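# Understanding the architecture of this molecule
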Amino acid sequence: MKILLVAAEAYPFAKRGGLGDVIGSLPLALKDKGIDVRVVIPKYSDIPSSYRSKMEKLRNFNVKIGWRNQYCGIEKLQHKKVDFYFIDNEYYFYRNNLYGYYDEAERFAFFNRAVLDMLPIIDFKPDVIHCHDWHTGMISVLLESQYREKEFYKNIKTLYTIHNLKYQGVFSREILGDLLGLDESHFVEKKLKFYDAVSFMKGGIIYSDAINTVSKTYAREIQTQYFGEQLHGLLKEKRNDLHGILNGIDGDEYNPRTDPYIIKYNARMIKTKLINKTKLQKKFALEVNPSVPLIALVSRLVPQKGIDLIMAVLDDIMNLGVQFIVLGTGEIKYEKFFRAAELRHEGRLSSNIMFSDELAHKIYASSDLFLMPSLFEPCGLGQMIALRYGSLPIVRETGGLKDTVMSYNEYTGEGNGFTFTKYNAHDMLFTIRRAARFYDNKKIWNRIVQNAMRSDNNWGISAEKYINLYNSLL
Ligand code: GLC
């Protein structure tokens, strides 16, 4: 079976969030199961030069974007046995950031058409083109409306994965003719019209042969008004083609037994985890004391992640006698808040307003609790990584958080973390207090940590599910 994954990010080349992690790790798991899987992303200037210098230039041709004819180069690099292709156009992709430009519609319209045009040129005919998030939403649209008659494209199927429904790629209706070469008949509710504009996300949902999202619970949630971002009606209609497949995490990248950034440990060496903790406390000027519960927040600092709940009750949390460490960047108001909180809680709270992979690994290994009270969470990777390192997640029961974290049940001894349901700061506070209370009972605590570290969030089962889904399309 031949599969082409298309996305705007792929670790280790370019990554801004969980999407990049998934596009970096899913193909490795598929390859292991014997699939001929290849990946294509834009060739950003952001890609480290160590990779760029190794890329092989395959071909170049022109891509039509409305009345423009734009240069398109195809470069290739094999990474961990998977072929990655890179779409090269310096005008569109040699910029300081991956996203956030005035001509986003044009950049990704170009990318979408370039992907379709490149296939016969590199002589790769996938059985399924597997597209991810809004940046690839027009691929199935173009395929259906402009490529289908050509023999080469006749039997290619499409799968569209929604990683986050909030970001939809909505642009003015002029892009139809101007960038996509589509006539006005596409500007109707049943096609690309979204209010007075045109939506990439809607295109992907309507025109693809199947759609899925990254957890069962999120697949259900987005059929409701609260989570549906104004597409819930359509998603509800499509519910029979809408699957939920949980993401996995890369077991080599995140493994406390082999992690080069930490003092290595496993489920039976909780004491070693405590050495990581005291080292981190020293490094971040927190009081060095292994018996104070250390709560971690490793997250983009944006409303989705439930930062408002933390803002509402942070001082109450600190009054429980815990320590708190923050790592992440995002909206200025949140960054400012945590910087100020560090001054108020000297020696007990450490704010690190930055992104660092190495520090993230150290925090997973050192913390006792991992806070993730998201407003919504399609899948969430942080809680799965935390589980693997024995840092017990405290999460709100939404999306993938609900599907991966089971609240500790003191009667049965089951559970791998702590959960609450309502988006309410005091419910969260209550849950943190409950967790902190168990922390004092080492026997119970160690049991929950064992449960957590044994949770299986590898790609294995989910990769199988993707393969079944691909098969069902053929
Ligand atoms: C997005 C979602 C996150 C998910 C990730 C990968 O970043 O917000 O919940 O884990 O995509 O699918």
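Residues numbered from 1 in each chain as written. Predicted model: local features only at pLDDT ≥ 70, side-chain atom pairs only at ≥ 80, totals over all residues. Heavy atoms only, no water.

### Observations regarding the overall build of the protein chain
Note the cut-off: In DSSP terms, a helix is any run of H or I states spanning at least four residues, a strand is any run of E spanning at least two, and both are numbered starting from the N terminus. A radius of gyration in this sense is built from C-alpha atoms; the matching globule rule multiplies 2.2 Å by the number of residues raised to 0.38. Under the scheme applied here, a residue whose accessible area is under 20% of the maximum for its type counts as buried, over 50% as exposed, and between as partly exposed, the area being computed with a 1.4 Å probe on protein chains only. For this analysis, residues touch if any pair of their heavy atoms sits within 4.5 Å. Throughout, the Shrake-Rupley method with a 1.4 Å probe supplies accessible areas, and for residues the shown protein chains are the sole cover considered. His residues and chain termini do not enter the charge count, which takes Lys and Arg as positive and Asp and Glu as negative. One atom stands in for each charge, and that atom is NZ of Lys, CZ of Arg, CG of Asp or CD of Glu.
When helices and strands are counted, the protein chain shows 18 helices and 18 strands. A globule of 474 residues ought to have a C-alpha radius of gyration of about 23 Å, and the protein chain, at 23 Å, matches this closely. Based on the C-alpha atoms only, the size of the protein chain along its principal axes is roughly 70 × 45 × 40 Å. Evaluated residue by residue, the protein chain yields a buried proportion of 61% over its 474 residues. Restricting the contact set of the protein chain to residue pairs at least 6 apart, pairs at least 24 apart contribute 71%. Total accessible area on the protein chain stands at roughly 19,400 Å², and carbon and sulfur atoms take up 50% of it. The protein chain carries 64 positive and 55 negative side-chain charges, and their two centres are separated by 4 Å.

### A short note on the pairing of strand 14 (residues 323-327)
Strand residues, when the strand is regular, have side chains that alternate between the two faces of the sheet. The test is simple: At least two bridges found by DSSP between two strands is the condition for calling them paired. With the strands aimed away from the viewer, a crossover counts as right-handed if its path from the first strand over the helix to the second runs clockwise.
Most of strand 14 sits out of view: 5 of its 5 residues are buried. Residues Q323, I325 and L327 of strand 14 are buried on one face, and the alternating residues F324 and V326, pointing to the opposite face, are buried as well. Where strand 13 (residues 294-298) lies against strand 14, 5 bridges are found, and the strand directions are parallel. In the sheet register, L297 faces strand 14, and the bridge partner there is V326. Remark: the strand 13/helix 11 (residues 307-318)/strand 14 crossover connection has right-handed handedness. Direction of pairing for strand 14 relative to strand 15 (residues 349-352): parallel, over a ladder of 4 bridges. Its bridge partner being in strand 15, F324 is matched across the sheet by L349. Handedness of the strand 14-helix 12 (residues 332-344)-strand 15 crossover: right-handed.

### Quick word on the sheet that holds strand 2 (residues 36-42)
Selection criterion: Comment: axis = line fitted to C-alpha atoms, over the contacting stretch for helices; angle = value between 0 and 180 degrees taken between N-to-C directions.
The mixed open sheet is built from 9 strands, whose spatial order is 3-4-5-2-1-6-7-11-12. Two strands bound the open sheet, and with one partner strand each, they are strand 3 (56-65) and strand 12 (242-244). Pairwise comparison of adjacent strand axes, ignoring direction, gives a mean angle of 25° for this sheet. Two strands pair when backbone bridges link them, and strand 11 (residues 210-213) and strand 12 are joined in this way by 3 bridges, in the parallel orientation. Within the sheet, the bridge partner assigned to T213 lies in strand 12 and is G244. Each of strand 1 (2-6), strand 6 (128-132), strand 7 (157-162), strand 11 and strand 12 touches helix 18 (residues 460-473); the most contacted strand, strand 7, lies at about 140° to it.

### Overview of helix 17 (residues 442-454)
Inclusion rule: Expected helix span is taken as 1.5 Å per residue step, with the number of steps being one fewer than the number of residues.
Taking 1.5 Å per residue, 13 residues should reach 18 Å; helix 17 reaches 18 Å between its end C-alpha atoms and fits that length. Burial in helix 17 covers these residues: W445, I448, V449, Q450, A452 and M453. Summarising the contacts, the buried residues of helix 17 are in contact with helix 10 (270-283), strand 16 (369-372), helix 14 (382-388), strand 17 (392-396), strand 18 (418-420) and helix 16 (425-439).

### A few points about the domain arrangement of the protein chain
To keep things clear, this is the line we draw: Note that the domain bounds were set by an automatic or database domain assignment. What gets called buried area is simply the loss in accessible area from a 1.4 Å probe that two parts show on being joined, summed for both. We call two N or O atoms a polar contact when they sit within 3.5 Å, provided that within protein one can donate a hydrogen and the other can accept it, with sequence-adjacent residues counted only if both atoms are side-chain atoms.
Per the domain assignment, the segments of the protein chain are domain 1 (2-248 + 459-473) and domain 2 (270-453). A separation of 33 Å is found between the C-alpha centroids of domain 1 and domain 2. Listed by partner, the interface residues are 19 residues for domain 1 and 16 residues for domain 2. Of the roughly 1,300 Å² buried where domain 1 meets domain 2, counting both sides, 59% is carbon and sulfur surface. Here domain 1 is connected to domain 2 by 7 residue pairs in polar contact (both at pLDDT 80 or more). Sorting the residues of the side of domain 1 that touches domain 2 by element identifies helix 1 (18-32) and helix 8 (216-221) as the ones contributing at least two each.

### Considering the site of the ligand
Basically, it comes down to this: The cutoff for a nearby residue is simple: one of its non-hydrogen atoms must lie within 4 Å of the molecule or strand. Following the grouping adopted for this structure description, the nonpolar residues are Ala, Val, Leu, Ile, Met, Phe, Trp, Tyr, Cys and Pro, the charged ones are Asp, Glu, Lys and Arg, and the polar ones are all others, Gly among them.
With respect to spatial proximity, 13 residues lie near the ligand, and among them H163, N247, E377, C379 and G380 are the closest. Calculation on the ligand without its partners gives an accessible area of 310 Å², and the protein chains cover 95% of this total. Tallied by class, residues from the shell around the ligand come to 6 nonpolar, 6 polar and 1 charged. When residues of the shell around the ligand are assigned to domains, at least three fall in each of domain 1 (2-248 + 459-473) and domain 2 (270-453).

### Some details on the nonpolar core
Quick note on the threshold: Side-chain atoms within 4.5 Å are what join buried Ala, Val, Leu, Ile, Met, Phe, Trp, Tyr and Cys residues into a set we call a nonpolar core.
Counting residues in hydrophobic clusters, the biggest one holds 102 residues, and the most contacted among them are I87 and I205. Element by element, the count of residues in this core is highest for helix 4 (residues 104-122), at 11 residues. Residues within four places of I205 in sequence aside, it is in contact with Y160, I162, L165, I211, L231, L234, L235 and K238. Within the second largest apolar cluster, 70 residues are counted, among which are I262, V313, I363 and A452.

### So, the side chain of D133
With respect to the helices, strands and loops of the structure, D133 is situated in the loop between strand 6 and helix 5 (138-147). Polar side-chain contacts of D133 include one of 2.7 Å to the backbone nitrogen of H163. Within the structure, the side chain of D133 is placed 3.3 Å from the backbone nitrogen of N164, a separation counted as a polar contact. Among residues more than four places away in sequence, those in contact with D133 are L19, Y160, T161, I162, H163, N164 and M201.

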